[in-house]
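Structural characterization, general
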Amino acid sequence: MLKAEKLSYSYGTSFQLKSLNLKLSPGKICGIIGHSGSGKSTLLHLLAGLKEPEAGKILLQGEAILTPSKKLVPGHPQIKLVTQQNSLFPNISIKENIAYELRYYEKAYQDSRVRILAKQLNLKALLDKLPRELSGGEIQRVMIARALADEPLVLLLDEPMANLDRLHKKDVMLSLKKVVEEENIACAMVTHDILDAFGMADELLIFQKGKIIQRGTSEDIYFHPRTKYVAELMGEIFTMDDKAYFRSEDVIFNKEGVYRGKVLNNVFQGSYYEVLMEDENGRRFAGKSRDKKEGEVSFSLSSFIYFD
Ligand code: ADP
Ligand code: MG
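Residues numbered from 1 in each chain as written. Chains lettered and ligands numbered in written order. Predicted model: local features only at pLDDT ≥ 70, side-chain atom pairs only at ≥ 80, totals over all residues. Heavy atoms only, no water.

Glancing now at the nonpolar core. Core analysis: the largest hydrophobic core is formed by 36 residues, its most contacted members being Ile-98, Leu-123, Ile-144, Leu-148, Leu-155 and Leu-157. When residues of this core are traced back to their parent elements, those giving at least two are α2 (94–100), α3 (107–120), α4 (136–148), β7 (154–158), α5 (166–182) and β8 (186–190). A total of 7 residues in this core trace back to one element, the largest contributor, which is α4. Leu-2, Leu-20, Phe-207 and Ile-212 belong to the second-largest nonpolar core, a separate cluster that totals 29 residues. (Core = buried A, V, L, I, M, F, W, Y, C linked by side-chain atoms within 4.5 Å. Buried < 20%, exposed > 50% of the residue type's maximum accessible area, 1.4 Å probe, protein only. Helix = DSSP H or I, 4+ residues; strand = E, 2+ residues; numbered from the N terminus.)

Structure, rendered in structure tokens:
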């Protein structure tokens, strides 16, 4: 559906996105993860036709999209970018905000399309309100509905849920995943929350300094991170010897364990305690336990992560 080939872009000498290849497929969400400044937003702007690539091309259904230098108004009508920024018109209702995207269609079609979107994104109760009467999460849902109004082929999301609490996030995530599948949209979603990516993405792309350094399913990358950078993006890792790394869930507390630690603290996490420990060399690490641990403990490790 949307394909980027050997895409390059730079801001002077300070940042380069180099020869990047990527493909977004209909009905699928591609999660994009990486440290701040690794080039995720730049990539989305390129894909949306809002920045001029220095090299390479972007193909939508096999056809090269027009880059800003070749257009009066940058952007592509079938590729929509949603950011954290609230760009709704403040003085018209939510319904009118969404319908504005459909202003060239007949009123009857506008109404029925708004009704469908309101149902998909759970906006029914909000339609007659003004943007300022909405919470941050509600605004995000409206922005996504508005982006979807004219049935785009591609939806690009730049940290759309960064300002939402867990509960509201789950809501938006579920609706979004459903719409993408139902309407067969090719979707890319930048997020800094790895749990969002795990919950939503069919494929993950890991970004570091303008490059995609690993791609695969969430499970692939979680269990087989190629570098320490990737492993740390997926969650905390620990080591006792700088070669073999492990995660807290790999720690199995038992009397015959070959490893030893002194318990520093038990952090209650609801379904388990995170047991913070240190070894005789002062290295800190953590394990998960249903019950509190105290003093000297021994444990074994169920699996390790190694890097090349
Ligand atoms: P991310 O979204 O992953 O945080 P960005 O794509 O926003 O990263 O930025 C990538 C790099 O480019 C960063 O180092 C950032 O400081 C730099 N950058 C972003 N926008 C500009 C700009 N308009 N001019 C110069 N440098 C920029
Ligand atoms: Mg960004």
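Read on, since the account is not over.
For the protein, the assigned domains read domain 1 (2–231) and domain 2 (238–307). Distance between the C-alpha centres of domain 1 and domain 2: 39 Å. Across the boundary between the two partners, domain 1 contributes 6 residues, which contact 6 residues of domain 2. Taken over both partners, the interface formed by domain 1 and domain 2 buries close to 540 Å², and the fraction arising from carbon and sulfur atoms is 53%. (Domains from an automatic or database assignment. Contact = heavy atoms within 4.5 Å. Buried area = accessible area lost by both parts, 1.4 Å probe.)

What follows concerns the site of ligand 1. Neighbouring ligand 1 are Tyr-11, Phe-15, His-35, Ser-36, Gly-37, Ser-38, Gly-39, Lys-40, Ser-41 and Thr-42. Residue Tyr-11 places a side-chain N or O atom 3.4 Å away from a nitrogen atom belonging to ligand 1. Separating an oxygen atom of ligand 1 from a side-chain N or O atom of Thr-42 is a distance of 2.5 Å. For ligand 1, whose unbound accessible area comes to 560 Å², protein coverage reaches 56%. A per-element tally of the shell around ligand 1 places helix α1 (residues 40–47) first, with 3 residues. (Near = heavy atom within 4 Å. Polar contact = N/O pair within 3.5 Å; in protein donor to acceptor, adjacent residues only side chain to side chain. Areas by Shrake-Rupley, 256 points an atom, 1.4 Å probe, with all protein chains shown as cover.)

Here the focus is the packing of aromatic side chains. Both the distance between ring centres and the angle between the ring planes are used here to describe each pair of aromatic rings. In this structure the tally under the stated criterion is 14 aromatic pairs. Measuring from centroid to centroid gives 5.8 Å for Phe-198 and Tyr-222, while their planes differ by 80°, and the two rings are edge-to-face. Of the two residues, Phe-198 is situated in helix α6 (residues 194–200) and Tyr-222 in helix α7 (residues 218–223); the sequence distance between them amounts to 24 residues. The buried category is assigned to Tyr-222, whose relative accessible area is 17%. Ring centres of Phe-238 and Phe-246 lie 5.9 Å apart, and the angle between their planes is 40°; on these two criteria the pair is classed as tilted. Note on Phe-238: relative accessible area 9%, which makes it buried. Among the aromatic residues, ring-to-ring pairing joins Phe-238, Phe-246, Phe-253, Tyr-259, Phe-285 and Phe-299 into one connected group. Lying over the aromatic face of Tyr-222, Arg-247 brings its terminal NZ or CZ to 4.2 Å of the ring centre. (Phe/Tyr/Trp six-rings, centres within 6.5 Å; stacked < 30°, edge-to-face > 60°. Lys NZ or Arg CZ within 6 Å of the ring centre and 35° of its normal.)

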